[in-house]
Amino acid sequence: MESKYFAFYPGLWVLLISLGAIAQKPGAPCARCPRNALCINATFCRCDPGFTSLSGQTIFSNPLEVCIDINECGPPFYVSCGSFADCHNVEGSHYCECTSGYELLSGGTKFKSEKENTCQDVDECSSGRHQCHNSTYCVNVRESYRCYCPHDWVTRSMPLNSLNTTICKEVPFSSWTPPSGVNSQSLSHFFDKVQKLSRDFSPALAENTIQDLVQEVDELLETPGDLETLPHSEQHCVATNLLIGLEDVLRGLSQLLPNGPLTLHAPAGTELSLNVQEQGVGDVTLGQSQAKMVLNWDVVKESGDFGPSVVGLVSMTGMNKLLAEAPLVLDPAKQAVLHETHKGLWQGVSPVLLSDVNSAFLSNKDTRNLSSAVTFSFSHRPVIPGPQEEMLCVFWEHGQDGCGHWATKGCWMVGTRNTSTTCQCTHLSSFAVLMAQYDVQEEDPTLAAITYVGLSLSLLCLLLAALTFLLCKAIQNTSTSLHLQLSLCLFLAHLLFLTAIDRTEPKVLCAIIAGALHYLYLASFTWMLLEGLHLFLTARNLMVVNYSSVSRFMKKFMFPVGYGVPAVIVAISAASRPHLYGTPTRCWLHTHKGFIWTFLGPVCTIFSINLAFFLMTFWILKNKLSSLNSDVSTLQNTRMLTFKATAQLFILGCTWSLGILQVGPAARAMAYLFTIINSLQGVFIFLVYCLLSQQVREQYRKWLKAVTKTKAESEKYTLSSRATSDDSKPSTEEL
């Protein structure tokens, strides 16, 4: 019967075994008890202490019963551990533990009930268990401790884990020294007062120190004294020093102020507005009579900084005196737009300050790229921009030399009215609104017409001259070779200038055109230099028959110098800065970083040397010549030689120096003179070397006679053919 019973429930046994719920105690046969239970009288089961049966029975025999843990720390038991202690449940039991900041008198860590509770506060400061930084001091509080900054120090940083790792920093009066190399009694007197404020500085009187400092700056700007007699460059250095130094000192002293806004006014118009907050939220607005600034508190605090957040704005009316002649540097994109708009006639910009100079500072020193833009509103005198004028939002950019300039990068105008302008910037510095007066050279259609007509005539004359030098064998010598190479280089340069100077697209083609023009014009000037050298050597040897040595010297070096030197200059320029070939409006050299001097430098050198050659040649020819060598035998007398030497002034490129004289009241006249003379350089070459040469004129006569004779013979042959044809017609009719 018993075996039959167990055979009847094989599935139940398998289930109980798989659940691990069978617990057989060693000893006599017993009813099978669940886990965490004891066997009683070999028949019943009872849960271990700390456990209870699922059915709630203390003693049970049901093989499906389960013993579960009793949560003594929760309902309905709620074991009391007493004050400053917490109950912790574990399987089958519980324990009590003092809360953080407390410990048992015995030094133990765990106990069972309120009767055993002896928890008392732990003094982390006296016991050395605190983690305060050495820049702070520890104060014990119930259950914990706090780290505080010494008097007159400020909290600088706090990691995210707790207040106990606060780091403090002393706030001294920032070092502020005068700019080097500037001699000014007014400035020295000002810094003497600043040093006195620094020596007498007391953190408890930070507000008074700030007020005195603003007063001293206001007095200096109101009566600058000998600062106004300094060169503009030194005035800009002084202004940069004042702006940076004042920002640094105010940034440090403001952190000692109590929370809240502060506004100060000086008699001459200098104003200071600042706001100090431990935890600023949202936007903050600082307003003055001439300016207003709005920014978000999030950009004020430096990353990891737990000190007070400071934002300030200083308006300095008198600073305009030092920055009145300060230059304005536009960003490259703006310059490109101006070049494109004015088709290369834009020459520069003259700034005029309209508003006061306003300097903004934050407790966050890294203000080069803020997470959100800062909005400024500036008041200024009524103004209406003219045709070549534009109102700009600018900031004072500090230079590495200790000076600076106005710049526009990172600032833009939001809107403007007659007497106010709103700007936004993604960085902080010293700001202002100014009127940019663009210096645009008016395009003169007459000059353009003269250029195209003159170059066209030069092309024709250069072509005729080159053909003459090639075909007229009677005049071929060293001089003729020099004339030929100069004519070819000028012809190609002028032809490329007329046909491709404006082909700015594609940019690669424009850069190639600019490089080709660079090389051809440099080669032309190099051959002009060789022409000048040859002319001087020829004139010098008039008194001594030594022309053969001159001829050998020129034949040996003229081609390597004439074509090699320009190639080296262009190769170095193209290798170092290839992107500066081609401008937005012309296929020529860019003026950025002085790149144009890779052309102007050699040209100025060449025409200066040629001018010296010309003067020395003219001095030699001034003396009476008794004889001439064979190379100059075609010159009839000294007067003809003097005339041709004078004509060399135009051929040798010396007249390019007229471009330097295009300033002042005579600029327009010089522009016309420069254009007329230099565009007709090819005409002068053809006139002097061909039309005024007796040998060339004789050769022209021979060619003309040959052409006339050929034409006459052709006409005679035509008439003879017609006569023969007429005589043959009657005989034909008779037949």
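Okay, so let's go over this structure.

## Description of the nonpolar core
Line of reasoning, step 1. Judged by nonpolar contacts, the single largest core of 54 residues is most densely connected at W176, L242, L272, M319, L323, L328 and W406.
Line of reasoning, step 2. If one sorts the elements of this core by residue count, helix α6 (residues 232–254) sits on top with eight residues.
Line of reasoning, step 3. If sequence neighbours within four positions are ignored, L328 has contacts with V349, P351, L392, V394, W406, A407, T408, L434 and A436.

## Remarks on the side chain of S573
Line of reasoning, step 1. In this fold, S573 is placed in helix α12 (residues 547–576).
Line of reasoning, step 2. Apart from residues no more than four positions distant in its own chain, S573 is found in contact with H518, P578, Y581, F595 and T598.

## Considerations on a nonpolar patch on the surface
Line of reasoning, step 1. Among the surface-exposed residues, L463, L467, L470, L471 and W703 lie close enough to one another that they form a single nonpolar patch of about 460 Å² accessible area.
Line of reasoning, step 2. Per element, the largest residue contribution to the nonpolar patch is four residues, and it comes from helix α9 (residues 445–471).
Line of reasoning, step 3. Checked against the element boundaries, L470 lands in helix α9.
Line of reasoning, step 4. Residue classification places L470 among the partly exposed residues on the basis of a relative accessible area of 47%.

## Looking at the packing of α9 against helix α10 (residues 478–500)
Line of reasoning, step 1. Two elements in contact, α9 and α10, have axes whose closest approach is 9 Å; the angle formed by their N-to-C orientations is 145 degrees. Both α9 and α10 take part in a crossing whose hand is left-handed. Touching T451, Y452, L455, S456, S458, L459, L462, L463, A465, A466, F469 and L470 of α9 are T480, H483, L484, S487, L488, L490, F491, H494, L495, F497 and L498, all from α10.
Line of reasoning, step 2. The residue makeup of the contact of α9 with α10, split by class, is 16 nonpolar, seven polar and no charged.

## A closer look at the sheet that holds strand β17 (residues 291–296)
Line of reasoning, step 1. Read across the open sheet, the five strands follow the order β16-β17-β22-β26-β25; overall the sheet is antiparallel. Bordering the open sheet on either side are β16 (283–287) and β25 (411–416), each of which pairs with just one other strand. Between one strand and the next, the sheet's axes are offset by a mean angle of 20 degrees, whatever the strand orientation.
Line of reasoning, step 2. When β17 meets strand β22 (residues 374–379), the two strands line up antiparallel, connected through four bridges. Across the sheet, residue V294 finds its bridge partner in β22, namely T375.

## Quick look at the environment of D48
Line of reasoning, step 1. By the secondary structure assignment, D48 is in the loop between β2 (44–47) and β3 (51–53).
Line of reasoning, step 2. Residues in contact with D48, not counting those within four places in the same chain, are N36, A37 and L38.

## Remarks on the state of the cysteines
Line of reasoning, step 1. Inspection of every chain in the model, using the stated rule, returns 11 disulfides.
Line of reasoning, step 2. Disulfide partner of C411: C425, at an S-S distance of 2.1 Å. Between C411 and C425 the sulfur-sulfur dihedral comes to about 120 degrees; the bridge is accordingly right-handed. Of this pair, C411 sits in strand β25 while C425 sits in strand β26 (residues 420–425), and the two are 14 residues apart along the sequence. Neither residue differs from the other here; C411 and C425 are each classed as buried.
Line of reasoning, step 3. Residue pairing for C510: its cysteine sulfur links by disulfide to C587, the two sulfurs lying 2.4 Å apart. Between C510 and C587 the sulfur-sulfur dihedral comes to about -125 degrees; the bridge is accordingly left-handed. With a gap of 77 residues between them, C510 in helix α11 (residues 507–540) and C587 in the loop between α12 and α13 (597–622) connect regions that are remote in the sequence.
Line of reasoning, step 4. Residue class for C510 comes out buried when judged on its relative accessible area of 2%.
Line of reasoning, step 5. No disulfide involves C461; its sulfur sits 9.1 Å from that of C690, the nearest cysteine.
Line of reasoning, step 6. On the basis of relative accessibility, which here comes to 12%, the residue C461 falls in the buried class.

What counts, and where the lines are drawn
- Residues numbered from 1 in each chain as written.
- Predicted model: local features only at pLDDT ≥ 70, side-chain atom pairs only at ≥ 80, totals over all residues.
- Heavy atoms only, no water.
- Core = buried A, V, L, I, M, F, W, Y, C linked by side-chain atoms within 4.5 Å.
- Buried < 20%, exposed > 50% of the residue type's maximum accessible area, 1.4 Å probe, protein only.
- Helix = DSSP H or I, 4+ residues; strand = E, 2+ residues; numbered from the N terminus.
- Contact = heavy atoms within 4.5 Å.
- Patch = residues over 30% accessible without salt bridge, like charges linked within 9 Å, V, L, I, M, F, W, Y side chains within 5 Å.
- Areas by Shrake-Rupley, 256 points an atom, 1.4 Å probe, with all protein chains shown as cover.
- Salt bridge = Lys/Arg side-chain N within 4 Å of Asp/Glu carboxyl O.
- Axes fitted to C-alpha atoms, helices over the stretch in contact; angles between N-to-C directions.
- Left-handed = near helix turned anticlockwise from the far one by under 90°.
- Nonpolar A, V, L, I, M, F, W, Y, C, P; charged D, E, K, R; others polar.
- Pairing = 2+ DSSP bridges.
- Disulfide = S-S within 2.5 Å.

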